[in-house]
Amino acid sequence: MEKEQNCCCRTKPRSEKESKDLIHRLNRVEGQIRGIRGMVEQDAYCIDIINQVAAANAALNSFNKLLLSEHIRTCVTEDIRDGQNEKMDELVRTMQKLMK
(Lines give C-alpha, C1' and ligand atoms only; values in the text may rest on other atoms or scores of the structure.)
Protein backbone atom coordinates (compact mmCIF):
# COMPACT_ATOMS: atom_id res chain seq x y z
CA MET A 1 0.00 0.00 0.00
CA GLU A 2 1.33 3.40 -0.97
CA LYS A 3 2.20 5.64 1.96
CA GLU A 4 0.94 9.21 1.65
CA GLN A 5 3.51 11.95 2.09
CA ASN A 6 3.18 14.30 5.03
CA CYS A 7 1.76 17.57 3.72
CA CYS A 8 4.22 19.50 5.90
CA CYS A 9 7.13 18.25 3.79
CA ARG A 10 5.84 19.69 0.52
CA THR A 11 5.33 23.30 -0.41
CA LYS A 12 3.64 25.20 -3.21
CA PRO A 13 4.52 28.78 -4.07
CA ARG A 14 1.42 30.94 -4.31
CA SER A 15 0.89 34.38 -5.72
CA GLU A 16 0.21 37.18 -3.27
CA LYS A 17 -3.36 37.44 -4.59
CA GLU A 18 -4.03 33.71 -4.15
CA SER A 19 -2.59 33.70 -0.62
CA LYS A 20 -4.60 36.77 0.39
CA ASP A 21 -7.81 35.28 -0.99
CA LEU A 22 -7.28 31.96 0.81
CA ILE A 23 -6.42 33.69 4.09
CA HIS A 24 -9.45 35.97 3.74
CA ARG A 25 -11.72 32.97 3.31
CA LEU A 26 -10.14 31.16 6.28
CA ASN A 27 -10.53 34.27 8.46
CA ARG A 28 -14.20 34.33 7.53
CA VAL A 29 -14.64 30.67 8.48
CA GLU A 30 -12.75 31.25 11.72
CA GLY A 31 -15.11 34.11 12.56
CA GLN A 32 -18.12 31.95 11.79
CA ILE A 33 -16.81 29.20 14.09
CA ARG A 34 -16.24 31.71 16.90
CA GLY A 35 -19.80 32.95 16.34
CA ILE A 36 -21.15 29.40 16.58
CA ARG A 37 -19.24 28.88 19.82
CA GLY A 38 -20.76 32.09 21.17
CA MET A 39 -24.22 30.90 20.19
CA VAL A 40 -23.69 27.65 22.10
CA GLU A 41 -22.38 29.57 25.12
CA GLN A 42 -25.48 31.79 25.00
CA ASP A 43 -27.84 28.82 24.69
CA ALA A 44 -29.07 29.88 21.26
CA TYR A 45 -31.89 27.95 19.62
CA CYS A 46 -30.70 24.69 18.01
CA ILE A 47 -31.92 25.47 14.50
CA ASP A 48 -30.21 28.87 14.56
CA ILE A 49 -26.93 27.14 15.44
CA ILE A 50 -27.45 24.50 12.77
CA ASN A 51 -28.03 27.23 10.17
CA GLN A 52 -24.76 28.89 11.15
CA VAL A 53 -22.91 25.56 10.99
CA ALA A 54 -24.31 25.07 7.48
CA ALA A 55 -22.99 28.50 6.51
CA ALA A 56 -19.54 27.64 7.91
CA ASN A 57 -19.57 24.35 5.99
CA ALA A 58 -20.46 26.21 2.80
CA ALA A 59 -17.58 28.63 3.38
CA LEU A 60 -15.15 25.73 3.88
CA ASN A 61 -16.46 24.07 0.73
CA SER A 62 -15.91 27.32 -1.15
CA PHE A 63 -12.35 27.45 0.19
CA ASN A 64 -11.78 23.85 -0.94
CA LYS A 65 -13.13 24.56 -4.43
CA LEU A 66 -10.82 27.53 -4.85
CA LEU A 67 -7.79 25.63 -3.58
CA LEU A 68 -8.60 22.53 -5.63
CA SER A 69 -9.10 24.46 -8.86
CA GLU A 70 -5.76 26.22 -8.37
CA HIS A 71 -4.09 22.89 -7.62
CA ILE A 72 -5.44 21.43 -10.86
CA ARG A 73 -4.39 24.49 -12.89
CA THR A 74 -0.85 24.44 -11.52
CA CYS A 75 0.51 21.33 -9.80
CA VAL A 76 -1.49 18.70 -11.68
CA THR A 77 -1.14 20.38 -15.07
CA GLU A 78 2.61 20.82 -14.67
CA ASP A 79 3.09 17.16 -13.77
CA ILE A 80 1.00 15.99 -16.73
CA ARG A 81 3.07 18.19 -19.05
CA ASP A 82 6.19 16.60 -17.57
CA GLY A 83 4.81 13.11 -18.23
CA GLN A 84 4.26 12.32 -14.55
CA ASN A 85 1.00 10.91 -13.23
CA GLU A 86 1.60 11.03 -9.48
CA LYS A 87 -0.35 14.26 -8.95
CA MET A 88 -3.25 12.92 -11.02
CA ASP A 89 -3.40 9.81 -8.83
CA GLU A 90 -3.21 12.00 -5.73
CA LEU A 91 -6.02 14.21 -7.10
CA VAL A 92 -8.24 11.19 -7.72
CA ARG A 93 -7.72 9.98 -4.14
CA THR A 94 -8.46 13.46 -2.80
CA MET A 95 -11.63 13.78 -4.87
CA GLN A 96 -12.80 10.41 -3.54
CA LYS A 97 -12.30 11.68 0.03
CA LEU A 98 -14.20 14.89 -0.72
CA MET A 99 -17.14 13.00 -2.20
CA LYS A 100 -17.79 10.82 0.84
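What counts as what
Residues numbered from 1 in each chain as written. Predicted model: local features only at pLDDT ≥ 70, side-chain atom pairs only at ≥ 80, totals over all residues. Heavy atoms only, no water. Helix = DSSP H or I, 4+ residues; strand = E, 2+ residues; numbered from the N terminus. Expected span 1.5 Å × (residues − 1). Buried < 20%, exposed > 50% of the residue type's maximum accessible area, 1.4 Å probe, protein only. Contact = heavy atoms within 4.5 Å. Salt bridge = Lys/Arg side-chain N within 4 Å of Asp/Glu carboxyl O.

K.L.:
Please set out helix α1 (residues 16-41) residue by residue, giving values where relevant.
P.N.:
Here α1 is 26 residues long and its end C-alpha atoms lie 37 Å apart, about the 38 Å a rise of 1.5 Å per residue gives. Taken residue by residue, α1 has Glu-18, Leu-22, Val-29, Gln-32, Ile-36, Gly-38 and Met-39 as its buried positions. Turning to α1, the residues buried within the fold contact α2 (46-81). Count one or two residues on from α1 and you reach Asp-43, which has phi positive near 55 degrees.

K.L.:
Describe the pattern of salt bridges, and please don't skip the residues or the numbers.
P.N.:
Using the criterion set out here, one finds 8 salt bridges in the structure. Glu-41 serves as the salt-bridge partner of Arg-37, at 3.1 Å between the closest nitrogen and oxygen. A residue pair is termed a helical-turn pair when its members lie 3 or 4 positions apart in one helix, as Arg-37 and Glu-41 do in helix α1 at 4 residues. Accessibility expressed as a relative area gives 55% for Glu-41, which makes it exposed. For Lys-87, the salt bridge identified is with Asp-79, shortest N-O distance 3.5 Å. Given a relative accessible area of 25%, Lys-87 falls into the partly exposed group. By relative accessible area, Asp-79 is classed as buried at 10%.

Note that all results are geometric; they support no functional claim without further evidence.
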